[in-house]
Amino acid sequence: MFHTALTLNDLLFLAKGAGVTLAITAIAVLFGTVLGTVFGALKAQASALAMAPLTFVLDVLRSVPLLIQLILANAFQSIAGLGWSPFIVACVMLSLYTSAYCTEIVRGGIEAVPAVTRRAARSLGMTWGQDMANVTLPMALRVALPGWIGLTLGVMKDTALVLWLGIIELLRSSQILVTRLQEPLFILILVGAIYFLISFPIARLGGRLEQRWREND
Amino acid sequence: MFNYTFHWHQAFQALPQMLWGALITIEVAVISMIFGIIFAVLIALCRLSHNRVAYGVATAWVEMARNTPALFQIYMAHFGLGAFGIHLSPWWALLAGITFNNAGYMAETFRGALRAIPATQTRAALSLGMGPLRAFWSVVMPQMFRISFPPMTNQMVWAVLMTSLGLTVGLASDLAGVTQELNVRTFRTFEFFAMAAVLYYLIAKAVMLGARLVAWRLFRY
Amino acid sequence: MKKTYLAAASTLALLAATAAQADKLDDIIASGTLRCAIVLDFPPMGSRDTDNNPIGFDVDYCNDLAAALGVTPEYVETPFPDRIPALVSGRADVGVASTSDTLERAKTIGFSIPYFAFTNVVLTHDGAGIDNFEGMAGHVVGSVGGTFEGIKLEENVKAWGKGEFRPYQTQADVFLALSQGQIDATVVTSTVAASIIATGQYPGLKIAGDAPYAVDYVALIALREEQGLINYLNLFVNQQVRTGRYQELFDKWVGGTAPGLTIDGVYR
């Protein structure tokens, strides 16, 4: 009835590609979130003038296509003789890209905490650090989490672009199979389904969290 | 310092070509936004309707657009449809892919915005004798656009950034395509793509500025 | 005390001097790995078998080169436009990737003597109505951006003044577009055309005559300044022919008499 030349080996090949996708996503989200939290806290705290250079850099990261950023970073590391593998270039650039968006999410979260609450914490004798750790960030987390989940899924989808650097992630693996087997429609739909299955449950979880935590006005 | 001689004059010589490419980029982004908005409104309405088919199709569109990579969507528009015998040229495939993506994301934004508009507005409009379509068009939709304006601006910037993916389906006329064409002939990757990055940044800034002007003009009272 | 200090300093200086003179050839041998940039959507020079492992004439040449150097081969897959960037950015040590030795490219990287030669043919699908090279005028044609035949085809399309040229980013995409009828024809080497038609996976593709391009000699590529490595590659290519390995691999992957690799009337 339905015949395909796809073997178990090929499915494992796709699974390996998916593994690379998830690995790069995990590393990028980890470092991006750490950086983003630091930058976001800084931006919520310091004056706009002092933050201007950082704001500019993060703005550039959000205004230039990721594909162009990856190509440029790869060209730059070769000129500078850094000798980074494509995987490292991809992780570095995706981390920076994630941090640019995460900064805004964290800043929005912190600014959603009422200033009176923060001032109350400080007036009780808490240091800035204690206020952040015990009062502000837990409340900011509630506001920021749905946005952060959306960002994570976005980064997972954007890892498809690293195929340009020669990394064999999920989409490139599927292209290799299409080349060998010449079943473009079937394999592309299969890969679309894999992306969907990775992304959809987490997106739904995020949506549900957002609904549960929404303030009932 | 670097063991590399920069050939910036080559990049500057190619600037006119790249500017023409930038024009095509803006063109594709704008058209994809216009059609994306039209489809998004329709999809948002379908999602709020009780018709099973309309709801199913609309939901499928939104979930597929939001849960698969944009590169995948563009690649599918060219090679996926091609397997069905539907030939979309690289320009059309890029446009279709970005429009599909835009519509999916903005439909969600619009749906959220529509839920934020109290039903009393619609009921009041209907009680004044307006038909449902007129009520939507004149009363609800303007408010919906007003609420959705910042996300729509973001989506426009993303549309511009997504056009860079056209070179993977053989598009050589937009900014990224032109830059890649120059790159594969001369291998001056850094110079040409640095130039392209600056141009993309300027276009993105222009979009944000334009959006702020439009907002100031349209939404003031 | 002073003597030991002097001895230590001069040893260090000697070591530093030796280190400074180490070139790519030494680096490859020292590292134990030869990273070859290789194209894997271009049978029979490079493709993947049913286990998705690299096979092909270029793959075998890479293995031979690694064996000659006494190191293990590592394949860095690069689509056509990415061969030279991979070399320049340091992802690969050598390119065994059917790279045509054009003067334009020689400004950026160094070529060995030719190790293979191609003739280019017109590949088209039934129903496009193209019977020869000139028949492509007015049609939508495509090729891989930046390749020898791709650049020439784009110039032809411009000269004809009609039709459209599409540059794709991999050879695989070109064949996919051709098989779907998105482009009417392309110009490729006779070997790859014969190879993909023989797979039977592209029904309706046919060769429609030769392309009037000069014989396409391809060479191994390395960084422009690595003269030591390039000299070694030259001798390697010579030895492959001399020992009969060239003809042996040609028989294995293509069949027939291997093309000559010299130009009459000029030394190199």
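Residues numbered from 1 in each chain as written. Chains lettered and ligands numbered in written order. Predicted model: local features only at pLDDT ≥ 70, side-chain atom pairs only at ≥ 80, totals over all residues.

Draft legend 1. Region of interest: the overall build of chain A. Counting its regular elements, chain A contains eight helices and zero strands. Secondary structure elements in chain A, listed N-terminal to C-terminal, are α-α-α-α-α-α-α-α. Based on the C-alpha atoms only, the size of chain A along its principal axes is roughly 70 × 50 × 25 Å. The 217 residues of chain A split such that 44% are buried. Within chain A, residue pairs in contact and separated by at least 24 positions form 79% of the contacts whose partners lie at least 6 positions apart. (Helix = DSSP H or I, 4+ residues; strand = E, 2+ residues; numbered from the N terminus. Buried ≥ 20, exposed ≤ 12 C-beta atoms within 10 Å, placed from the backbone. Contact = placed C-beta atoms within 7 Å.)

Draft legend 2. Geometry of the overall build of chain B. Within chain B, the secondary structure is distributed over nine helices and zero strands. If you list the helices and strands of chain B from N to C, you get α-α-α-α-α-α-α-α-α. Reported as C-alpha extents along the three principal axes, the dimensions of chain B are approximately 75 × 50 × 25 Å. Burial status across chain B gives 48% buried among its 221 residues. Sequence separation of 24 or more characterises 74% of the internal contacts of chain B that already satisfy a separation of 6 or more.

Draft legend 3. Region of the structure containing the sheet that holds strand β4 (residues 72–77) of chain C. All names here are of chain C. The five strands lie next to each other as β4-β1-β5-β12-β6, forming an open sheet whose pairing is mixed. With one partner strand each, in any of the chains shown, β4 and β6 (109–118) form the two edges of the open sheet. Averaged over neighbouring strand pairs, the angle between their axes works out to 30° when direction is ignored. Inspection of the sheet shows strand β1 (residues 33–38) paired to strand β5 (residues 94–100) by two bridges, in the parallel sense. Within β5, the position partnered with Cys 36 by the bridge is Val 94. (Pairing = 2+ DSSP bridges. Axes fitted to C-alpha atoms, helices over the stretch in contact; angles between N-to-C directions.)

Draft legend 4. Structural view of the pairing of strand β12 (residues 216–223) of chain C. All names here are of chain C. Summarising burial for β12: seven of the eight residues are buried, a large majority. Pairing of β5 with β12, which is carried by three bridges, proceeds in the antiparallel orientation. Bridged to Thr 99 within β12 is Ala 219.

Draft legend 5. Inspection of the interface of chain B and chain A at higher detail. Contacts between chain B and chain A engage 29 residues on the former and 27 residues on the latter. Taken together, the elements giving at least two residues each to the side of chain B that touches chain A come down to α3 (52–67), α4 (70–82), α7 (132–162) and α9 (189–218) of chain B. Counting residues per element, the side of chain B that touches chain A draws most heavily on α9 of chain B, which supplies 10 residues. Looking at side-chain class alone, the side of chain B that touches chain A contains 20 nonpolar, six polar and three charged residues. (Nonpolar A, V, L, I, M, F, W, Y, C, P; charged D, E, K, R; others polar.)

Draft legend 6. Expanded view of the pairing of strand β8 (residues 140–144) of chain C. Residue and element names in this part refer to chain C. Counting buried positions over the five residues of β8 gives four, a clear majority of the element. Across five bridges, the pairing between β8 and strand β9 (residues 164–168) is parallel. Bridge pairing links Val 140 to Glu 164 in β9.

Draft legend 7. The arrangement of the interface of chain A and chain C in detail. Taken together, the contact between chain A and chain C spans 15 residues of the former and 17 residues of the latter. Going through the elements one at a time, α1 (8–45), α3 (66–79) and α7 (170–181) of chain A are the ones with two or more residues in the side of chain A that touches chain C. Top contributing element to the side of chain A that touches chain C by residue count: α7 of chain A, with five residues. Taken together, the residues of the side of chain A that touches chain C break down into five nonpolar, eight polar and two charged.

Draft legend 8. Focus on the nonpolar core. Membership of the largest hydrophobic core comes to 194 residues, with the highest contact counts inside it found for Leu 70 and Ala 90 of chain A, Ala 196 of chain B together with Cys 36, Ile 38 and Val 122 of chain C. A total of 13 residues in this core trace back to one element, the largest contributor, which is helix α5 (residues 90–116) of chain B. Shared between two domains, this core takes at least three residues from each, and those domains are domain 1 (23–117 + 217–253) and domain 2 (120–210) of chain C. Those residues in contact with Leu 70 of chain A that lie beyond four places of it in its chain are Val 89, Ala 90, Met 93, Leu 161, Val 162, Trp 164 and Leu 165 of chain A. (Core = buried A, V, L, I, M, F, W, Y, C linked by C-beta atoms within 7 Å. Domains from an automatic or database assignment.)

Draft legend 9. Up close: α7 of chain A. For α7 of chain A, with 12 residues, the first-to-last C-alpha span of 16 Å sits near the 16 Å given by 1.5 Å per residue. Within α7 of chain A, 11 of the 12 residues are buried, which leaves it mostly tucked inside the rest of the structure. Of all the residues in α7 of chain A, the buried ones are Leu 170, Leu 171, Arg 172, Ser 173, Ser 174, Gln 175, Ile 176, Leu 177, Val 178, Thr 179 and Arg 180 of chain A. Buried residues belonging to α7 of chain A abut α1 and α8 (184–213) of chain A, α4 of chain B together with β2 (47–48) and α7 (171–179) of chain C. The first or second residue beyond α7 of chain A is Gln 182 of chain A, which carries a positive phi of 55°. (Expected span 1.5 Å × (residues − 1).)

Draft legend 10. Quick peek at the environment of Ala 140 of chain A. Positionally, Ala 140 of chain A belongs in helix α6 (residues 128–158). Measuring from C-alpha to C-alpha, the distance between Ala 140 of chain A and Val 106 of chain A comes to 7.3 Å, with 34 residues separating the pair along the chain.

Draft legend 11. Representation of the packing of α1 of chain A against α6 of chain A within the structure. All names here are of chain A. For the pair α1 and α6, the least separation of the axes is 11 Å and the interaxial angle reads 145°. Relative to α6, the crossing made by α1 is right-handed. Residues Thr 21, Thr 25, Ala 28, Val 29 and Ala 41 of α1 form the contact with α6, whose participating residues are Met 132, Thr 152, Val 155 and Met 156. (Left-handed = near helix turned anticlockwise from the far one by under 90°.)

Draft legend 12. Structural context of the packing of helix α2 (residues 15–48) of chain B against α5 of chain B. Residue and element names in this part refer to chain B. The contact between α2 and α5 brings their axes to 6 Å, and the two run at 45°. Judged by the angle between their axes, α2 and α5 are oblique. Seen from above, α2 lies across α5 with right-handed handedness. Per-class residue counts for the contact of α2 with α5 are 19 nonpolar, four polar and two charged. (Parallel < 35°, antiparallel > 145°, perpendicular 65-115°, else oblique.)

Draft legend 13. Quick peek at unusual backbone geometry. A cis geometry characterises the amide bond from Pro 43 of chain C onward to Pro 44 of chain C, with omega recorded as -5°. Note that Pro 44 of chain C resides in the loop between β1 and β2. The backbone of Phe 187 of chain B sits at a positive phi, close to 65°, despite the residue not being glycine.

Draft legend 14. Seen up close, the environment of Phe 79 of chain B. Of note, Phe 79 of chain B is situated in helix α4. We classify Phe 79 of chain B as buried; it has 23 C-beta atoms within 10 Å. Remark: the alpha-carbon pair of Phe 79 of chain B and Val 157 of chain B, spanning 78 residues in sequence, is separated by 26 Å. Residues within four places of Phe 79 of chain B in sequence aside, it is in contact with Pro 184 of chain A together with Leu 176 of chain C.

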